[in-house]
Amino acid sequence: MHYIPFGLLLLARTGFSLLGKDTKSMKFRDMVNTADFQLSMDLLANYPAGYNVLPVANPHDVLNVSLQLALYHIVDMNERAQTLTTNCEVITKWHDVFLMWDPSDYDNITDTRLPWDKVWTPDIVLYNSAGDGEQGREMRTLIQVTHDGNVTLLTQSIYMSKCTIDVSYYPFDAQQCELKFASWSTEVTRLNMTIGRIDRKKILSLYSPSGVFELKKFFARRHEMP
């Protein structure tokens, strides 16, 4: 196992025949059947959802998944409970062979959005979680997909993680805490986690300073366990 620590109003008129209603309905459906709508329908129609099939061309291929953490705010540090609470966004990226298309077939659309629960997503969790159920509730956006199969998933959450806190030198103490993310069930021989490549300055620009804590360093490392 390896981990990375870081309304519609319808007015009906009398005298309409049933045939007339159906014809109007058909015209309305044709009108809203846009290229983007058709693309979404086609991508999801034959997607192997619910079978936990890795989205790779060869069943023996390793799927590379990049992960990057954006720290928005340090919510709390509890010395007695030895926990750290943070507001974060996890940025996850991978390639999905089932989500590729030719833009020329869909009015030159090169990217789209799809419901994350309709496609495969990595089962990456916070391994050193200390929450009681209220914390750690994740909010996921629609996945962002490009025509060549590159997928981006944004997950926002208030994480409560375990952290060894030493206040011997309070109020001049410095603490180092980790958020360890890993796949819950997929082995490294099938899913390879890497660190994302979004510019460090851009990631740090999302941080909202705390009046209590000073962020001295924010980094990520990849660990692999036998």
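Draft legend 1. Molecular detail of the nonpolar core. One finds Leu99, Trp120, Ile143, Leu179 and Phe181 to be the most contacted residues of the largest nonpolar core, which totals 42 residues. Taken together, the elements giving at least two residues each to this core come down to helix H2 (35-45), strand S2 (63-78), strand S3 (83-95), strand S5 (124-126), strand S7 (143-146), strand S8 (150-162) and strand S10 (191-195). If one sorts the elements of this core by residue count, S2 sits on top with 8 residues. Setting aside chain neighbours within four positions, we find Trp120 in contact with Tyr47, Asn52, Val53, Leu54, Pro55, Leu63, Val65, Trp94 and Leu191.

Draft legend 2. Quick peek at the confidence of the model for the chain. Of the residues in the chain, 82% have a pLDDT of 70 or more, and the chain-wide mean is 84. Put simply, helix H1 (residues 18-32) is where the chain has its lowest mean pLDDT, 50, and S7 is where it has its highest, 98.

Draft legend 3. View of H2. Taken together, the buried positions of H2 are occupied by Leu39, Ser40 and Leu43. Viewed along the axis of H2, the buried residues span an arc of 95°, placing them on a single side of the element. Close packing links the buried residues of H2 with strand S4 (111-114).

Cut-offs applied
- Residues numbered from 1 in each chain as written.
- Predicted model: local features only at pLDDT ≥ 70, side-chain atom pairs only at ≥ 80, totals over all residues.
- Heavy atoms only, no water.
- Core = buried A, V, L, I, M, F, W, Y, C linked by side-chain atoms within 4.5 Å.
- Buried < 20%, exposed > 50% of the residue type's maximum accessible area, 1.4 Å probe, protein only.
- Helix = DSSP H or I, 4+ residues; strand = E, 2+ residues; numbered from the N terminus.
- Contact = heavy atoms within 4.5 Å.
- pLDDT = per-residue confidence, 0-100.
- Arc of directions from axis to C-beta.

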